[in-house]
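# Observations on the three-dimensional arrangement
Take a look at the letters that make up each chain.
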Amino acid sequence: MTTPKGPKMDAKAAASFVNRSSKQIIVLKIGTSSLVRAEQQTLNLSNLARICETVKSLHTLGHHVILVTSGAVGVGCQRLGLTTKPTQVAKKQALAAVGQVHLMKYYEDFLSALGLTCAQVLLTLDNLANRGQYVNACNTFSELLAYGVIPVVNENDTVAVQELRFGDNDTLSAQVAALVRADWLFLMTDVDSLYTSNPKHDPNAQPIYEVHDMSKLHADTSTQGTQWGTGGMATKLTAARIATAAGCTMVICNSNCPENIPRIMQGEQRVGTRFYPVKNALRGRKRWIISVPVRGSLCLDSGAVQAVKDKHKSLFAAGITKVSGDFHSQDCVSLLTPSGDEFARALVNFDSEELTKIRGKRTVEVRQTLEQLGYAGMDEVAHRDNVALLTSSADDETEGDDSDNGNANGAADAPVEALAGQLQQAL
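Figured I'd write up the structure that's included with this text.

### Regarding the overall build of the protein
The number of helices and strands found in the protein is 15 helices and 17 strands. Relative to its 427 residues, the protein shows a buried fraction of 54%. Accessible area for the protein stands at about 18,200 Å²; split by element, carbon and sulfur atoms hold 48% of it.

Okay, here's the thing in structure tokens:
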């Protein structure tokens, strides 16, 4: 089957990403709680000014900086004198339209006063789920950074439908970091780091300063976002899985001390929580797969997990124990361990109704069922080329024969030396 060709990254754009002997790409995510004073329902201008000064410092050091900002709805509420954020989608979208223009004005005022030029980039999940739009977005970011511009990114809340929303800007920032192949992602929030338990309720809670393997992390995720934001600690861990799988170092740090960011990059310890990237980052098409909206999940038995995760095999129906969600063929689903932990995402060959009928069956039984459903010659639920691992297990495309519980024949991805090559290969 041939795939329609889409836009490709030109050589100049690719070079600006690849030539990083001294420059690094840094994504800073600024949460609503860092921008809005909850008590006064006003914008925290002093904090925003310090963040912009940090951007200037990083830019002066030769780094490329991208800001992912929340706060459009919060600023809209502030401009219209509302003391609580509405729950109705249409009202929130209207407030986002009011707040986004004022939010960008503040960024423009602060950054231009520091001699920097900013640009507004509004994205929806649909933009990144579509392969052609994904590449176009990558090209746009590349050119903006080549011009020395500071992209200011937010979700396009006014037009995004509920089914195609990032839902929180922690996830958006991780997707942007994966898109531009960022070296660092800083989630700036109102807490100092990740903790073993909720420090507001447990005086014995201990900060976690380093995370080398997400699958071995034991931390409290009960901390919720404020009424003005949509995130919490759970969304930050989801962002960490996406960013680290894409080869990016992610840090959770306090937005009240943005000047710590250059120090963290220089190796200062015990400041924030640092999540280290996986050994072999996702490339090309698999990097894109983690940007596709998740429509459901498949829970696997231990044998299938081992085959997919450790042996890099395709997924077969025999290893599936539970099907959740309502999805179609070629939709993206989460692959879960028996304990319910997400370790990969995959584009599946069957819809949820069909998978419910064939889950747990051996290949011979699956073929009989598929023949009744009108399929022929298709055994694997998800080919290994369409499985993107989110764990620290190296996604090195190890070759091997295929059998039940997660295996299929397929060519390994060829090594690539430049982002342009990765994108063109995957289109």
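There's more to say after this.
### Some words on the side chain of Glu342
Residue placement: Glu342 occurs in strand S16 (residues 342-347). Taking the relative accessible area as the measure of exposure, Glu342 reaches 19% and is therefore buried. Engagement of the side chain of Glu342 in a polar contact is seen with the side chain of Ser334, the distance being 2.7 Å. In this structure the side chain of Glu342 is engaged in a polar contact, spanning 2.8 Å, whose partner is the side chain of Arg345. Those residues in contact with Glu342 that sit more than four places away from it in its chain are Arg241, Ser334, Leu335, Leu336 and Leu390.

### A closer look at the pattern of salt bridges
Per the stated rule, a full pass over the model turns up seven salt bridges. For Asp170, the salt bridge is made with Lys29, and the minimal N-O distance between the two is 3.0 Å. Separated by 141 residues along the polypeptide, Asp170 in helix H8 (residues 169-180) and Lys29 in strand S1 (residues 25-30) bring together distant segments of the chain. Note on Lys29: relative accessible area 6%, which makes it buried. Residues participating in the shared-partner salt-bridge network are Lys29, Asp170 and Lys236.

### Observations regarding helix H4 (residues 72-80)
Each α-helix turn comprises 3.6 residues. Residues three or four places apart therefore point the same way. By the burial criterion, the buried members of H4 are Ala72, Val73, Gly74, Val75, Gly76 and Cys77. On its buried face, H4 sits against strand S3 (42-43), helix H5 (89-113) and strand S6 (150-155). Taken from the residues just after H4, Gly81 is the one with a positive phi, measuring 75°.

### Considering the packing of helix H3 (residues 45-60) against H5
Each packed pair of helices is defined by two parameters, the angle between the axes and the distance between the axes. Closest axis-to-axis distance for the H3/H5 pair is 9 Å, and the angle between their directions is 50°. Put simply, H3 runs oblique to H5. The handedness of the crossing between H3 and H5 comes out as right-handed. Residue-level inspection shows Leu45, Leu48, Ala49, Cys52 and Val55 of H3 in contact with H5, the latter providing Tyr106, Tyr107, Phe110 and Leu111.

### Topic: H3
Spanning 16 residues, H3 covers 22 Å between terminal C-alpha atoms, matching the ideal 22 Å at 1.5 Å per step. Within H3 the residues assigned to the buried category are Asn47, Leu48, Ala49, Ile51, Cys52, Thr54, Val55 and Leu58. Just downstream of H3 lies Gly62, where phi reads positive at about 100°.

### Quick word on unusual backbone geometry
Note: most residues except glycine have negative phi, and most peptide bonds are trans. You will see that His312, though not glycine, has its phi angle at about 60°, which is positive. The topology assignment puts His312 in the loop between helix H12 (302-310) and strand S14 (320-325). Even without being a glycine, Gln330 presents a positive backbone phi close to 75°. Within the element layout of this structure, Gln330 appears in the loop between S14 and strand S15 (332-336). On the basis of relative accessibility, which here comes to 42%, the residue Gln330 falls in the partly exposed class.

### Digging into the environment of Asn169
Here Asn169 is to be found in helix H8. Within the structure, the side chain of Asn169 is placed 3.2 Å from the side chain of Ser70, a separation counted as a polar contact. Side-chain polar atoms of Asn169 contact the side chain of Asn154, separated by 3.1 Å.

### What to know about the packing of aromatic side chains
Enumeration according to the criterion identifies one aromatic pair in this entry. Arranged with centres 5.5 Å apart and planes meeting at 10°, the rings of Trp184 and Phe186 form a pair that is stacked. Neither residue differs from the other here; Trp184 and Phe186 are each classed as buried.

### Re the sheet that holds S16
Taken together, the five strands give an open sheet; going across it, the order is S14-S13-S15-S16-S17, and neighbouring strands pair in mixed fashion. Since the sheet does not close on itself, it has two edges, and those belong to S14 and strand S17 (387-389), each with one partner. Strand-to-strand twist in this sheet, taken as the mean axis angle between neighbours without regard to direction, amounts to 25°. Across five bridges, the pairing between strand S13 (residues 294-300) and S14 is antiparallel.

### Considering the nonpolar core
Counting 54 residues, the largest nonpolar core has Ile66, Phe141, Val153, Leu185, Met250 and Phe275 as the members making the most contacts within it. Grouped together as the second largest cluster of nonpolar side chains are 31 residues, Val65, Leu67, Leu111 and Ile261 included.

### As for the side chain of Ser173
With respect to the helices and strands, Ser173 occurs in helix H8. Overall, the relative accessible area of 0% leaves Ser173 in the buried class. For Ser173, the residues in contact, after removing those within four places along its chain, are Val27, Lys29, Val68, Leu185 and Leu187.

### Comments concerning the sheet that holds strand S12 (residues 273-275)
Taken together, the eight strands give an open sheet; going across it, the order is S5-S6-S4-S1-S7-S11-S12-S10, and neighbouring strands pair in mixed fashion. Either end of the sheet is taken by a strand with one partner, and the two such strands are strand S5 (118-123) and strand S10 (210-211). The pairing of strand S11 (residues 249-254) with S12 spans three bridges and is antiparallel. Bridging from a neighbouring strand, Ile252 pairs with Thr273 of S12. In the packing of H5 onto the sheet, the strands contacted are S1, strand S4 (64-69), S5 and S6, and the crossing angle to S5 comes to about 150°.

Here is what the cut-offs are and how they apply
- Residues numbered from 1 in each chain as written.
- Predicted model: local features only at pLDDT ≥ 70, side-chain atom pairs only at ≥ 80, totals over all residues.
- Heavy atoms only, no water.
- Helix = DSSP H or I, 4+ residues; strand = E, 2+ residues; numbered from the N terminus.
- Buried < 20%, exposed > 50% of the residue type's maximum accessible area, 1.4 Å probe, protein only.
- Areas by Shrake-Rupley, 256 points an atom, 1.4 Å probe, with all protein chains shown as cover.
- Polar contact = N/O pair within 3.5 Å; in protein donor to acceptor, adjacent residues only side chain to side chain.
- Contact = heavy atoms within 4.5 Å.
- Salt bridge = Lys/Arg side-chain N within 4 Å of Asp/Glu carboxyl O.
- Axes fitted to C-alpha atoms, helices over the stretch in contact; angles between N-to-C directions.
- Parallel < 35°, antiparallel > 145°, perpendicular 65-115°, else oblique.
- Left-handed = near helix turned anticlockwise from the far one by under 90°.
- Expected span 1.5 Å × (residues − 1).
- Phe/Tyr/Trp six-rings, centres within 6.5 Å; stacked < 30°, edge-to-face > 60°.
- Pairing = 2+ DSSP bridges.
- Core = buried A, V, L, I, M, F, W, Y, C linked by side-chain atoms within 4.5 Å.

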